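Secondary and tertiary structure notes
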Amino acid sequence: AQSVAQPEDQVNVAEGNPLTVKCTYSVSGNPYLFWYVQYPNRGLQFLLKYITGDNLVKGSYGFEAEFNKSQTSFHLKKPSALVSDSALYFCAVRETGANNLFFGTGTRLTVIP
Amino acid sequence: DAGITQSPRYKITETGRQVTLMCHQTWSHSYMFWYRQDLGHGLRLIYYSAAADITDKGEVPDGYVVSRSKTENFPLTLESATRSQTSVYFCASSDGRFSGANVLTFGAGSRLTVL
């Protein structure tokens, strides 16, 4: 069975500081990993994904994520946070060969001016 | 406009009534999905469809019915609404290329309140 955990419901960071939003996963085989962002009253928007290859994945709006197989983690990072990055972030995982995409419970990021 | 649209955006209904949430996409994507979003649960898959006339259950299908007679439409029906079905419902689609690596595109959501 596949699952994903986001251990922090809320992350606060000062504008200009680096940010990290944590995600760990559990799958039987090789994972496809995703990050989505949700702004208020909007649907989820795709940020980035890991399929295979380089463990550091770069995505939209300056975000990146690092795949760590030994720790089964896929943390989202950004070197310098903006106030406009404040949103709800979801990590998601899909097993190879599966149709379902499983989402974590989400982490609310607040960037403080 | 091109994209994925959901209607209605907001709906209030009463327990026991039938409610249908509509989803329409203009990309001819093969896959379509319905999720519900609840605090503390994130997004949970209700039903999905790989093509017209092909549907399958997700994590939480009880109390819901779907159909897909046309590729572009994927309505979700609550046959007898219950208060536990108060939620925000998201429709999504993907083109199915690259199999598991394909990206979902989401609609703006439908907020349903069951009194």
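Located above this text is the structure these notes cover.
Attention here is on the structure that accompanies the text.

Criteria and thresholds
- Residues numbered from 1 in each chain as written.
- Chains lettered and ligands numbered in written order.
- Predicted model: local features only at pLDDT ≥ 70, side-chain atom pairs only at ≥ 80, totals over all residues.
- Heavy atoms only, no water.
- Phe/Tyr/Trp six-rings, centres within 6.5 Å; stacked < 30°, edge-to-face > 60°.
- Helix = DSSP H or I, 4+ residues; strand = E, 2+ residues; numbered from the N terminus.
- Buried < 20%, exposed > 50% of the residue type's maximum accessible area, 1.4 Å probe, protein only.
- Pairing = 2+ DSSP bridges.
- Axes fitted to C-alpha atoms, helices over the stretch in contact; angles between N-to-C directions.
- Contact = heavy atoms within 4.5 Å.
- Buried area = accessible area lost by both parts, 1.4 Å probe.
- Salt bridge = Lys/Arg side-chain N within 4 Å of Asp/Glu carboxyl O.
- Polar contact = N/O pair within 3.5 Å; in protein donor to acceptor, adjacent residues only side chain to side chain.
- 1 Å grid on protein atoms, 1.4 Å probe; cavity = no way out; pocket = protein on both sides within 12 Å on 5 of 7 lines; lining within 4 Å.
- Points joined across faces, edges and corners; volume = space filled by probe spheres on them.
- Nonpolar A, V, L, I, M, F, W, Y, C, P; charged D, E, K, R; others polar.

Let's talk about the packing of aromatic side chains
How two aromatic rings sit relative to each other is set out by the distance from centre to centre and by the angle between their planes. What the rule picks out here adds up to 17 aromatic pairs over all chains. On the numbers, 5.9 Å between centres and 70° between planes, the contact of Tyr-36 of chain A with Phe-46 of chain A is edge-to-face. Here Tyr-36 of chain A is found in strand S5 (residues 31-38), whereas its partner Phe-46 of chain A is found in strand S6 (residues 44-50), with ten residues between them in sequence. We classify Tyr-36 of chain A as buried; its relative accessible area is 0%. A relative accessible area of 29% means that Phe-46 of chain A is categorised as partly exposed. On the basis of an interplanar angle of 45° and a centroid distance of 6.0 Å, the ring pair of Tyr-35 of chain B and Phe-106 of chain B is categorised as tilted. Of the two residues, Tyr-35 of chain B sits in strand S4 (residues 31-38) while Phe-106 of chain B sits in strand S10 (residues 105-106), which places them 71 residues apart along the sequence.

Description of the sheet that holds strand S1 (residues 4-7) of chain B
Residues and elements named next belong to chain B. What the four strands build is an open sheet, ordered S1-S3-S8-S7; its pairing is antiparallel. Every interior strand has two partners, whereas the edge strands, S1 and strand S7 (64-66), have only one. Going from strand to strand, the sheet's axes swing by 15° on average, the running direction of each strand aside. Relative to strand S8 (residues 76-78), S7 runs antiparallel, the two sharing three bridges. Its bridge partner lying in S8, Val-65 is registered against Thr-77.

A look at the interface of chain A and chain B
Facing 21 residues of chain A, the contacting portion of chain B comprises 23 residues. Of the roughly 1800 Å² buried between chain A and chain B, counting both surfaces, carbon and sulfur atoms make up 55%. Of all residues in chain A, Leu-44, Asn-99 and Phe-103 of chain A give up the largest surface area on contact with chain B, accounting jointly for 26% of the area buried on that side. Along the contact surface separating chain A from chain B lie zero salt bridges. Linking chain A with chain B are four residue pairs in polar contact (both at pLDDT 80 or more), by the criterion used here. Among the elements that take part in the side of chain A that touches chain B, S5 of chain A stands out by supplying four residues, more than any other.

Some words on the environment of Asp-85 of chain A
All names here are of chain A. Here Asp-85 is to be found in the loop between strand S9 (73-78) and strand S10 (87-95). Along the sequence, Asp-85 and Val-37 sit 48 residues apart, while their C-alpha atoms lie 9.2 Å from each other. Those residues in contact with Asp-85, other than ones at most four positions away along the chain, are Leu-19, Phe-63, Lys-78, Ser-80, Leu-109 and Val-111.

Points about the layout of surface pockets
Space inside the largest pocket adds up to approximately 550 Å³. Together, 25 residues line the largest pocket, and Gln-38, Leu-88 and Arg-108 of chain A together with Gln-37 and Leu-39 of chain B are the ones closest to its centre. Secondary-structure elements contributing two or more residues to the lining of the largest pocket are S10 and strand S12 (107-112) of chain A together with S4, strand S9 (87-94) and strand S11 (110-114) of chain B. Sort the elements by how many residues they give to the lining of the largest pocket and S10 of chain A lands first, with three residues. Class assignment of the residues belonging to the lining of the largest pocket gives a composition of ten nonpolar, nine polar and six charged. If you add up the space inside the second largest pocket, you get close to 180 Å³. As for the second largest pocket, its lining consists of 13 residues, and the residues nearest its centre are Gly-43, Leu-44 and Gln-45 of chain A together with Thr-105 and Phe-106 of chain B.

Considering the environment of Ser-67 of chain B
Along the chain, Ser-67 of chain B falls in the loop between S7 and S8. Sequence separation between Ser-67 of chain B and Tyr-48 of chain B is 19 residues; the distance between their C-alpha atoms is 9.8 Å.

Regarding the pairing of strand S6 (residues 54-57) of chain B
All names here are of chain B. Looking at chain direction, strand S5 (residues 42-51) and S6 are connected through four bridges and run antiparallel. In the strand pairing of S6, Tyr-47 is matched with Lys-57. Taken together, S5 and the strand that follows it, S6, pair antiparallel across an intervening segment of two residues, in which Asp-53 is found at a positive phi of about 70°.

Description of the side chain of Thr-13 of chain B
All names here are of chain B. Within the fold, Thr-13 resides in strand S2 (residues 10-13). Judged by relative accessible area, which is 6%, Thr-13 ranks as buried. The residues touching Thr-13, leaving out its near neighbours within four places in the chain, are Val-19, Ala-81, Leu-112, Thr-113, Val-114 and Leu-115.

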